[in-house]
Amino acid sequence: MRQCVGILGGTFDPIHMGHLRLAQEVAEAVSLTQVLFIPVGEPPHRPGPQTSGRHRAQMVRCAIQDNALFAIDERETQRTGPSYTVQTLRELRHELGPQTPLCMIVGADAFLGLPGWYCWEEIFTLAHVVVAHRPRSELTTLPVALAEQYGVRHRAQAVQLQNSAAGGIFQIPITALDISATDVRARLQRHLSVKYLVPQGVIHYINEQQLFKG
Ligand code: ATP
């Protein structure tokens, strides 16, 4: 089977079922051979995470350990300075070679913010962008610059992403799970359960390390 790699970057503070279903459903729809979860080190576009890169990476590890399709890539938490996605994609493109399809997976909220990312247009020369629906984030009105890119790059079928290494945008409706790490943190702070929102192994790690407690 031809290699086709997906990456899911995120704060993962903590990782939750929304992230895992996103990765699983995109992997199945696009026939990805692997999904790399990449915890961000210092996010340039948002406030810093509450927990360290080491903890967030460990929570990702707990969450994905039983899924052979999933792997963790810790390059961003190990890098100093802000984590620019384009830098990670440049490195991955170099490692994978020019032919291997590479898909950057984002939720609708992240996609809408894409024009604010450092060197965002270069991303399309390095990877496809697969955008998944997310409750509360409408893709009906895109920022102008993004709508222009969407107009030229939209691919109607997932299989079209296999025919080139980068440059397409594919939209996918996934199971709508209105889960966010912000809500998970708020529950933990109030000493409420996050059972069924977060994998059990991650809950165990959070409790053991006393993370997110108010
Ligand atoms: P926070 O609430 O702290 O902002 P988050 O839950 O949005 O965090 P991130 O780690 O920032 O999680 O998200 C990483 C990626 O996963 C983003 O592309 C985001 O759009 C996507 N994502 C997160 N949760 C969901 C969800 N429930 N459904 C679809 N996509 C999601």
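Above: the structure in question.
Cut-offs and rules
Residue numbers restart at each chain and count upward from 1, following the sequence in its written direction. Thresholds applied to this predicted model are a pLDDT of at least 70 for local features of residues and 80 or more for the giving and counting of side-chain atom pairs; totals over whole chains, interfaces and linings are not thresholded and use all residues. As a rule here, side-chain values come from all non-hydrogen atoms in the structure, and water together with hydrogens is ignored. Here a Phe, Tyr or Trp ring, Trp counted by its six-membered ring, pairs with any other such ring whose centre lies within 6.5 Å, and the pair is stacked when the planes are under 30 degrees apart, edge-to-face when over 60, and tilted otherwise. The numbering of helices and of strands both runs from the N terminus, where a helix is a DSSP run of H or I of at least 4 residues and a strand a run of E of at least 2. Burial status follows relative accessibility: with a 1.4 Å probe on protein chains alone, a residue under 20% of its type maximum counts as buried, one over 50% as exposed, and anything between as partly exposed. Counted as a polar contact is a pair of N or O atoms within 3.5 Å, where, for protein atoms, one must be capable of donating a hydrogen and the other of accepting one, and residues adjacent in sequence contribute only when both atoms are in side chains. In this analysis, two residues are considered to be in contact whenever any of their non-hydrogen atoms come within 4.5 Å of each other. Think of a nonpolar core as a cluster: buried Ala, Val, Leu, Ile, Met, Phe, Trp, Tyr and Cys residues, connected wherever their side-chain atoms sit within 4.5 Å. Note on terminology: near, applied to a residue and a molecule or strand, indicates that one of the residue's heavy atoms is within 4 Å of it. Working definition of accessibility: Shrake-Rupley area with a 1.4 Å probe, residue cover restricted to the visible protein chains. With a 1 Å grid spanning the protein atoms alone, the term cavity applies to any set of points in which a 1.4 Å probe fits but cannot get out, the term pocket to an open set with protein on both sides within 12 Å along at least five of seven lines, and the term lining residue to any residue with an atom within 4 Å of a point. Assignment to a cavity or pocket requires that more than half of a molecule's atoms be within 2 Å of the site's grid points. Gly is placed with the polar residues, together with every amino acid not listed as nonpolar (Ala, Val, Leu, Ile, Met, Phe, Trp, Tyr, Cys and Pro) or charged (Asp, Glu, Lys and Arg). How far a helix is expected to stretch is found by multiplying one less than its residue total by 1.5 Å. Here the arc refers to the directions that run from the helix axis out to each C-beta atom.

Would you mind showing me how to read the packing of aromatic side chains here?
How two aromatic rings sit relative to each other is set out by the distance from centre to centre and by the angle between their planes. Considering all chains together, one arrives at 4 aromatic pairs under this definition. Taking the centre distance of 4.4 Å and the plane angle of 40° together, the rings of Tyr-84 and Tyr-118 count as tilted. With Tyr-84 in the loop between helix 3 (75-78) and helix 4 (85-96) and Tyr-118 in the loop between helix 5 (108-112) and helix 6 (123-126), this residue pair connects regions lying 34 residues apart in the sequence. The partly exposed category is assigned to Tyr-84, whose relative accessible area is 28%. Among the aromatic residues, those joined into a ring-pair cluster are Phe-12, Phe-37 and Phe-70.

Please clarify how the side chain of Asp-73 should be interpreted in this entry.
One can find Asp-73 in the loop between strand 3 (70-72) and helix 3. Side chain to side chain, Asp-73 and Arg-75 meet in a polar contact 2.9 Å long. The residues touching Asp-73, leaving out its near neighbours within four places in the chain, are Leu-36, Phe-37, Ile-38, Pro-39 and Leu-92.

Got a minute to help me understand the nonpolar core in this structure?
The biggest cluster of nonpolar side chains holds 40 residues, and the ones touching the most others in it are Ile-15, Val-30, Leu-32, Val-35 and Phe-37. Elements with a minimum of two residues in this core: helix 1 (17-30), strand 2 (34-39), helix 2 (53-64), strand 4 (102-107), strand 5 (128-132), strand 6 (169-172), helix 8 (181-189) and helix 9 (200-209). If you tally residues by element for this core, the top one is helix 1, at 6 residues. Dropping the residues within four chain positions of it, Val-35 is found in contact with Gly-6, Leu-8, Ala-23, Ala-27, Leu-69, Phe-70, Ala-71 and Ile-105.

How should the site of the ligand be read in this particular structure?
Neighbouring residues of the ligand: 21 residues in total, closest Arg-46, Asp-109, Leu-177, Ala-181 and Thr-182. Within the contact set of the ligand, a nitrogen atom lies 3.0 Å away from a backbone nitrogen or oxygen of Ile-179. Isolated, the ligand exposes 610 Å² of accessible area, and the fraction of that covered by the protein chains is 91%. Because more than half of its atoms lie within 2 Å of the grid, the ligand is assigned to the largest pocket. Put simply, the parts of the chain that give the shell around the ligand at least two residues each are strand 1 (5-10), helix 1, strand 4, helix 5 and helix 8. Counted by class, the shell around the ligand contains 7 nonpolar, 10 polar and 4 charged residues.

For this particular structure, what's the right way to read helix 4?
An α-helix turns once every 3.6 residues. As a result, residues three or four positions apart point the same way. Relative to the 16 Å expected for 12 residues at 1.5 Å per residue, helix 4 spans 16 Å between its end C-alpha atoms, a close match to the ideal helical length. All buried positions along helix 4 are accounted for by Val-86, Thr-88, Leu-89, Leu-92 and Arg-93. Down the axis of helix 4, the buried set is contained in an arc of 155°. They therefore lie on one face. Exposed and facing more than 90 degrees away from the buried side of helix 4 are His-94 and Glu-95. Structurally, helix 4 contributes buried residues whose contacts are with strand 1, strand 2, helix 3, strand 4 and helix 6. Looking one or two residues beyond helix 4, the residue adopting positive phi is Gly-97, at roughly 90°.

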